[in-house]
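# An overview of the molecular structure
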Amino acid sequence: MRIAMIGTGYVGLVSGVCFSDFGHEVCCVDRDPDKIAMLEGGKVPIFEPGLDDLMARNVGAGRLTFTTDLKAAVDGAEAIFIAVGTPTRRGDGHADLTYVMAAAEEIAKALTGYAVVVTKSTVPVGTNRKVAEVMAAANPDAAFDVASNPEFLREGAAIDDFMRPDRVVVGVESDRAGQVMSDIYRPLYLRDFPIMITDLESAEMIKYASNAFLATKITFINEIAALCERVGADVKKVSKGMGLDGRIGNKFLHAGPGYGGSCFPKDTAALARIGQEHASPMRITEAVIQVNDGVKGRMIEKLRDLCDGVFNGKTVAVLGVTFKPNTDDMREAPSLTIVPALVGGGAKVRVVDPEGRREGEDLLPGVAWCADPYEAASDADLLVLLTEWNEFRALDLTRLSASMRKARMADLRNIYNRDDVLDAGFVAYEAVGR
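In this report, the structure presented in the accompanying data block is examined. What you are looking at is a predicted structure, and each value in this text was computed from that prediction instead of being measured.

### Describing the pattern of salt bridges
In this structure the tally under the stated criterion is 25 salt bridges. Across the pair Lys266 and Asp267 runs a salt bridge, and its minimum N-O distance is 3.2 Å. Like Asp267, Lys266 is buried. For Glu286, the salt bridge goes to Arg283, with nearest N and O atoms at 3.3 Å. One end of the pair is Glu286 and the other is Arg283, both in helix α13 (residues 283–306) and three residues apart, which spans about a single turn. Connected via shared salt-bridge partners are Arg129, Glu173 and Glu201.

### With respect to the pairing of strand β4 (residues 79–82)
Neither face of β4 is exposed, since Ala79 and Phe81 on one face and Ile80 and Ile82 on the opposite face are all buried. Taken together, the four bridges between β4 and strand β5 (residues 115–119) define a ladder with parallel strand orientation. Across the sheet, Ile82 pairs through a bridge with Thr119, a residue of β5.

### Describing the packing of aromatic side chains
In this description, an aromatic ring pair is defined by two values, namely the gap between the centres and the angle between the planes. On inspection of all chains with the given rule, the structure shows eight aromatic pairs. Geometrically, the ring pair formed by Phe22 and Phe162 is tilted, given 5.7 Å between the ring centres and 45 degrees between the ring planes. Taken together, the residues Phe22 in the loop between α1 (10–21) and β2 (25–29) and Phe162 in helix α7 (residues 158–163) connect sequence positions 140 residues apart. A relative accessible area of 15% places Phe22 in the buried class. Centroid distance Phe252 to Phe264: 6.1 Å. Interplanar angle 50 degrees. Geometry classified as tilted. Of this pair, Phe252 sits in the loop between α11 (235–243) and α12 (264–277) while Phe264 sits in helix α12; the two residues are twelve residues apart in sequence, bridging distant segments of the chain. Phe264 sits in the buried class, given a relative accessible area of 11%. The rings of Phe19, Phe22, Phe81, Phe162 and Tyr185 are connected pair by pair, giving a single aromatic cluster. For the cation-ring pair, Arg167 lies above Phe152, with the distance from its terminal atom to the ring centre recorded as 3.8 Å. Cation over ring: Arg176 sits above Tyr114, and NZ or CZ is 3.5 Å from the ring centre.

### Observations concerning the layout of surface pockets
The calculated volume of the second largest pocket comes to roughly 1,200 Å³. Listing elements by their share of the lining of the second largest pocket, those giving two or more residues are α1, α5 (98–110), α12 and α15 (357–363). Of the residues forming the lining of the second largest pocket, the biggest block, five residues, is contributed by α5. Within the lining of the second largest pocket, the residues separate by chemical class into 16 nonpolar, 14 polar and 15 charged.

### With respect to the nonpolar core
The nonpolar side chains of soluble globular proteins are, as a tendency, buried together. Counting 42 residues, the largest nonpolar core has Leu13, Phe19, Phe81, Met181, Ile184 and Tyr185 as the members making the most contacts within it. It is α1 that contributes the most residues to this core, seven residues altogether. When residues no more than four places from it in sequence are discounted, the contact partners of Ile184 are Met1, Ile3, Phe19, Phe22, His24, Ala79 and Phe81. Membership of the second largest hydrophobic core comes to 34 residues, among which are Phe311, Leu342, Leu364 and Ala410.

### A closer look at the sheet that holds strand β14 (residues 428–430)
What the six strands build is an open sheet, ordered β11-β10-β9-β12-β13-β14; its pairing is parallel. Each of the sheet's edge strands pairs with one partner strand only, and the pair in question is β11 (368–369) and β14. Of the strands in this sheet, β12 (382–385), β13 (408–411) and β14 touch α13, which is tilted by about 170 degrees from β13.

### Overview of empty space enclosed by the protein
In total, this model carries one cavity of 30 Å³ or more according to the counting rule given. Here the largest cavity is characterised by a volume of approximately 50 Å³. In terms of lining residues, the largest cavity is bounded by Thr119, Ser121, Thr122, Val123, Asn128, Ser148, Pro150, Ala203, Glu204 and Lys207. Grouping the constituent residues of the lining of the largest cavity by class yields three nonpolar, five polar and two charged.

### Points about the pairing of strand β10 (residues 348–352)
Within β10, four of the five residues are buried, leaving the element largely enclosed by the surrounding structure. Examined bridge by bridge, strand β9 (residues 315–319) and β10 share five bridges and lie parallel to one another. Bridge pairing in β10 links Val318 to Val351. In this fold, the crossover linking β9 to β10 by way of helix α14 (residues 335–344) has right-handed handedness. Here two bridges tie β10 to β11, and the two strands are oriented parallel to one another. Bridging from a neighbouring strand, Arg350 pairs with Ala368 of β11. For the segment spanning β10, α15 and β11, crossover handedness is right-handed.

Conventions we followed
Residues numbered from 1 in each chain as written. Predicted model: local features only at pLDDT ≥ 70, side-chain atom pairs only at ≥ 80, totals over all residues. Heavy atoms only, no water. Salt bridge = Lys/Arg side-chain N within 4 Å of Asp/Glu carboxyl O. Buried < 20%, exposed > 50% of the residue type's maximum accessible area, 1.4 Å probe, protein only. Helix = DSSP H or I, 4+ residues; strand = E, 2+ residues; numbered from the N terminus. Pairing = 2+ DSSP bridges. Phe/Tyr/Trp six-rings, centres within 6.5 Å; stacked < 30°, edge-to-face > 60°. Lys NZ or Arg CZ within 6 Å of the ring centre and 35° of its normal. 1 Å grid on protein atoms, 1.4 Å probe; cavity = no way out; pocket = protein on both sides within 12 Å on 5 of 7 lines; lining within 4 Å. Points joined across faces, edges and corners; volume = space filled by probe spheres on them. Nonpolar A, V, L, I, M, F, W, Y, C, P; charged D, E, K, R; others polar. Core = buried A, V, L, I, M, F, W, Y, C linked by side-chain atoms within 4.5 Å. Contact = heavy atoms within 4.5 Å. Axes fitted to C-alpha atoms, helices over the stretch in contact; angles between N-to-C directions. Right-handed = clockwise from strand over helix to strand, strands pointing away.

From the geometry alone we can't say anything about function, so treat these as descriptive.
See the structure below:
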């Protein structure tokens, strides 16, 4: 099957590459000529483990191409995916659909035959019907169906999520569109991965409801962590005890400095806005947003306490600035709140991150970037573990403590054991909820 993928951001590029690995002929489109030149040169503009090798294999097989020419990519395509950005709109928290609607209009004008236009971007309920309206207005003679196919990719594990999904959700209104979508995902169907065919609105809502629920789990355990610190309980043990209940499960019950990334902050804000617009307030989601913002502030106070109540004049080593490991994505990362607070308070901040420097240099002015944790910790007053990269899970704690001016650690991901840290020479250790 011939597929056009409009947008080569995280979702579009991963999806396009994986579809080509299914055996489909995929053409990925982007307006940015520099990005297309990079992709044609075999370079991946994002960090996602395994994506570069998978892309090279399918380009070599002739199944995957890149272009800035949307009309050429759409010509003859049986399915056209819209995978452009839907950033949070300033002022009201709603998803900005400018790029989605612009893509829909351009696709309509380029259509030469029947195609299914599939919204892969995360969009508010009702967007796909608006896409159909925009397309019909742009080209009344166009033959098409609109489908909703939300993505559920975790950054850092996106290829495995695409190839071995918990489910694939497809919203359609016609049998013809449903058959096209079934044919696209046939390799997964043959391996018994669940393909859920539903209506447009339900597919759109599944995406928002899923992300809001996961964000709620993270925020709930962070509130429990704060209480654990007051009553003397250990949130890691509490999380384990909760997670053993099959009705709850152990995923997303890890206390930390709050959720970030490209999905949870944007999607919870959008869902809250959708509820307000339809006179059905999402009170739990609104509380989740508020509590998550507060978690970051609580982490700053934890660091301030470790610095004798003042950041000024202190040297702080921060390990990890991306919102999670195995990605270079810093969107809404806790570091974007915590690190500026350190710098603004007068601390000298040194930063280490395996993949975060490319974005971080612009987003975190006033910090020094170091090659490894030991360089960053030299003569420092505080070591902060902010992102749980594997490289930070087995550090030589004795070497670190010996090199620091004051060996104090804030383990905001609960990676280490308190006794092990103190036995290695640290004089103070603070975790989250322990």
